[in-house]
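This is what each chain is made of:
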Amino acid sequence: MKPNKKKRNKKNTTEDAASKKQTKKLSELKTALDYAEAIVATVREPLVVLYPGLKVKTANNSFYKTFKVSKKETEGKQIYDLGNGQWNIPSLKKLLEEILPQKKILKDFEVEHSFKDIGHKIMLLNARKLDVRNDPMIFLAIEDITEKKSIESAVEKERKIVEFERQKMFNLFMNAPALICVLRGPKHIYELANKPYMQMVGSKRNLIGNPIRKAIPELKEQGIFEILDKVYKTGNPYIGKEMPIKINITETGKTEDTVLNIVLQPYSDSNGKVQGIISYASDITSLVNKTKRIEELSRQKDEFIGVASHELKTPVTSLKGYTQILQMRFEQEGNKKAVELLSKMDRQINKLTNLISDLLDATKIEGGILQFHEVLFDFNELVTEIIEEMQQATQQHTIIAKLALSSKIYGDRDRIGQVITNFISNAIKYSPFANKIILTTSKEGNKIRLCVQDFGIGIPEEKQDKVFDRFYRVSGDKEDTYPGLGLGLFISSEFVKRHKGTITVTSTKGEGSTFCFVLPVKKHV
Amino acid sequence: MIDDDLDSLTVMTIFLKNEGYEVESTLNGDEVLIKTKTFKPDLIIMDIFLSGTNGKDICRNLKNENKTKSIPIILISAHSQIKKIVKDCGANGFINKPFEAEDLLYGVSNFLPPNN
């Protein structure tokens, strides 16, 4: 029975084997399907599987979630009908119906579309056509790249702005009217140099990529390299004013003297380590030359005025002497008329003498060579002396003195006397229709104040702060009739300032002016 | 009296002679050093700005010379630093330009009383 059994068994075994094989295959297929579905389900990006007629066989959760549709309203439906026909996109249609049948695989196909439910989106489609036993299927992966795209576009926009700014800075740098260069590393290698910089050092020079010691060797012995080394080493900027520099002009072979105002600013990496130096300089050669020329002219002018004034004094002295001699002779002869005329002449000579002295004083003030001979003296005594002298010069005005108790003061008696004389003579000069001038002195702690008040033409308010300026003269229709060099008050104010005092004016146009000075009584240091 | 300006010299001479002084004058600064070898004045009046030799140097030379150092010297100048110059060269006084007859006579009388 064994063999029968064996035979039967064999047949059974064959049938079983086929059935088993079938079952196994089915099981494998199911596993594969499960496997595939599991993949579809797990993929984070929306994924949809289509079968002929572009109907949805299945879709993953991500798809439902992203496009706000349910499984029920999706499976078995044609893709274009999904979600109120929102997938009815011409470009998608072209992709699925024309391109894919031929190519089978489509990568990164971008679709931009306004979906009814989810708004405007940019989708990246990847599709693959699979022919499973004449049963073609399409796998369609949909990636929503809207956000990514918007970030990308923002980044791009930002990059363009940065690039624009960089270009702007670069243009500014290249076209700036200053000499700019960037030196990199401890050897100060030229990284950039703008047009004016190139012009200064000579356009034929090979700067970029070369260290400064090689590019401009003549700077050796001029201290520049040492300064650059120090800036690089310490990280401290260097500011150089009016630095003289000698540059050999390559085109002409001549050495040019240049004067620069220069700033050497180190720049660092994100860790604060110095990477190089930005050199920013302005060429002030012509300015310095002009200033020198002006200073020289000014010195020459002062010297000239000084010599001229001195030379003028000698003939004036003789003139004065002859006048006096003539006066004496006519006096002896009893010719009163001639004596009177000669005394008028003498007054004019005195005026001339004063003008020359003013010119000389102003020149000394400007030249900074004004000297003082300071002594301790009685202030009231000086004031009284001057009033007596000035009273003789005017018959029209009475000089009324209101003097404080006498005080000793330390200073240059002649110079201070000159200021008082100037105040009184101005008061006389500018009050042709008044008959009095009031002079007051008062003690204010360790200071003495002297004021001279007149009742004359006055000074308009806007001109009051100018009266102490050099060469300033009261001007205007009426005032033109008052002669003078415009030096008296300038000299007075300088004398007072040099005595550490103050000088002031208060005035009302048409009513008169009061000029005052305040001087310390003690020796000033 | 030494001054390279003839008019100054003339005026000063007249002033002084009027007061009875005897005046010997020269326009040449260098001449004074030669003249003083044979002639000893009671007072020397000189301008410090002379053409040729500097008045300051003449003043210094006179004050360094044994024979002349006792002669008083009055300097005449419009120079702003006349006081310093007086001190530097050892002069005995100064008169500022421009001056009047009284200034000159007063200055001179300090060293030489007028001759009656």
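Residues numbered from 1 in each chain as written. Chains lettered and ligands numbered in written order. Predicted model: local features only at pLDDT ≥ 70, side-chain atom pairs only at ≥ 80, totals over all residues. Heavy atoms only, no water.

Novice: Can you explain the overall build of chain B? Please cite residues and give values.
Specialist: A tally of regular secondary structure across chain B gives five helices and three strands. Going from N to C terminus, chain B has its helices and strands arranged as α-α-β-α-β-α-β-α. Here chain B holds 116 residues, and 46% of them are scored as buried. Within chain B, contacts between residues at least 6 apart in sequence are counted, and of these 55% link residues at least 24 apart. (Helix = DSSP H or I, 4+ residues; strand = E, 2+ residues; numbered from the N terminus. Buried < 20%, exposed > 50% of the residue type's maximum accessible area, 1.4 Å probe, protein only. Contact = heavy atoms within 4.5 Å.)

Novice: Describe the interface of chain B and chain A, naming the residues involved and giving the relevant values.
Specialist: Taken together, the 21 residues of chain B in the interface contact 20 residues of chain A. Here chain B meets chain A over a buried area of about 1,800 Å², counting both sides, of which 61% is carbon and sulfur. The interface formed by chain B and chain A holds one salt bridge in total. Of the charged contacts, one joins K320(A) and E100(B) as a salt bridge, the two residues approaching to 3.0 Å between their closest N and O atoms. Across the chain B-chain A interface, the total number found is six residue pairs in polar contact (both at pLDDT 80 or more). Among the elements of the structure, α1 (6-18) and α5 (101-109) of chain B are those that each provide at least two residues to the side of chain B that touches chain A. Among the elements that line the side of chain B that touches chain A, the one with the most residues is α1(B), at seven residues. For the side of chain B that touches chain A, the residue count by class is eight nonpolar, seven polar and six charged. (Buried area = accessible area lost by both parts, 1.4 Å probe. Salt bridge = Lys/Arg side-chain N within 4 Å of Asp/Glu carboxyl O. Polar contact = N/O pair within 3.5 Å; in protein donor to acceptor, adjacent residues only side chain to side chain. Nonpolar A, V, L, I, M, F, W, Y, C, P; charged D, E, K, R; others polar.)

Novice: So what's going on with the environment of D257(A)? Residues and values would help.
Specialist: Residue and element names in this part refer to chain A. Relative to the helices and strands, D257 is located in strand β9 (residues 255-268). Along the primary structure D257 and I245 are separated by twelve residues, whereas in three dimensions their C-alpha atoms are 5.9 Å apart. For D257, the residues in contact, after removing those within four places along its chain, are I245, K246 and T285. In terms of polar contacts, D257 uses its side chain to reach the side chain of K246, at 2.8 Å.

Novice: Account for the packing of helix α2 (residues 29-38) of chain B against helix α3 (residues 55-64) of chain B, with residues named and values stated.
Specialist: Residue and element names in this part refer to chain B. The interhelical angle for the contact between α2 and α3, taken along N-to-C directions, is 15°, at an axis separation of 9 Å. With respect to their mutual orientation, α2 and α3 come out roughly parallel. Considering how the two elements wind past one another, α2 and α3 form a crossing that is right-handed. Residue-level inspection shows G29, D30, V32, L33 and T36 of α2 in contact with α3, the latter providing I58, N61 and L62. Considered class by class, the residues forming the contact of α2 with α3 number four nonpolar, three polar and one charged. (Axes fitted to C-alpha atoms, helices over the stretch in contact; angles between N-to-C directions. Parallel < 35°, antiparallel > 145°, perpendicular 65-115°, else oblique. Left-handed = near helix turned anticlockwise from the far one by under 90°.)

Novice: Summarise the environment of E147(A); cite the residues concerned and give the values.
Specialist: In this structure, E147(A) sits in helix α5 (residues 146-175). For E147(A) and K121(A), which are 26 residues apart along the polypeptide, the C-alpha to C-alpha distance reads 8.7 Å.

Novice: Explain the state of the cysteines to me, and be specific about the residues and the numbers.
Specialist: Taken as a whole, this structure holds two disulfides over all chains when the rule is applied. Each sulfur of the disulfide joining C451(A) and C516(A) lies 2.0 Å from the other. The chirality of the disulfide connecting C451(A) with C516(A) is right-handed, given an S-S dihedral of about 115°. With C451(A) in strand β15 (residues 447-453) and C516(A) in strand β17 (residues 512-520), this pair connects stretches of sequence that are 65 residues apart. Across the disulfide from C59(B) sits C89(B); the S-S distance is 2.1 Å. An S-S torsion of about 70° defines the bridge between C59(B) and C89(B) as right-handed. Taken together, the residues span a long stretch of sequence, with C59(B) in helix α3 and C89(B) in helix α4 (residues 82-89) at a distance of 30 residues. Here C59(B) matches C89(B) in class, with each residue buried. (Disulfide = S-S within 2.5 Å.)

Novice: Explain the packing of helix α10 (residues 336-367) of chain A against helix α13 (residues 488-498) of chain A to me, and be specific about the residues and the numbers.
Specialist: Residues and elements named next belong to chain A. In contact at an axis separation of 10 Å, α10 and α13 are set at 45° when each is read in the N-to-C sense. Classified by the angle between their axes, α10 and α13 sit oblique to one another. In this structure, α10 crosses over α13, and the sense of that crossing is left-handed. Across from D358, D361, A362, I365 and E366 in α10, the residues of α13 making contact are G488, F490, I491, E494 and F495. For the contact of α10 with α13, the residue count by class is five nonpolar, one polar and four charged.

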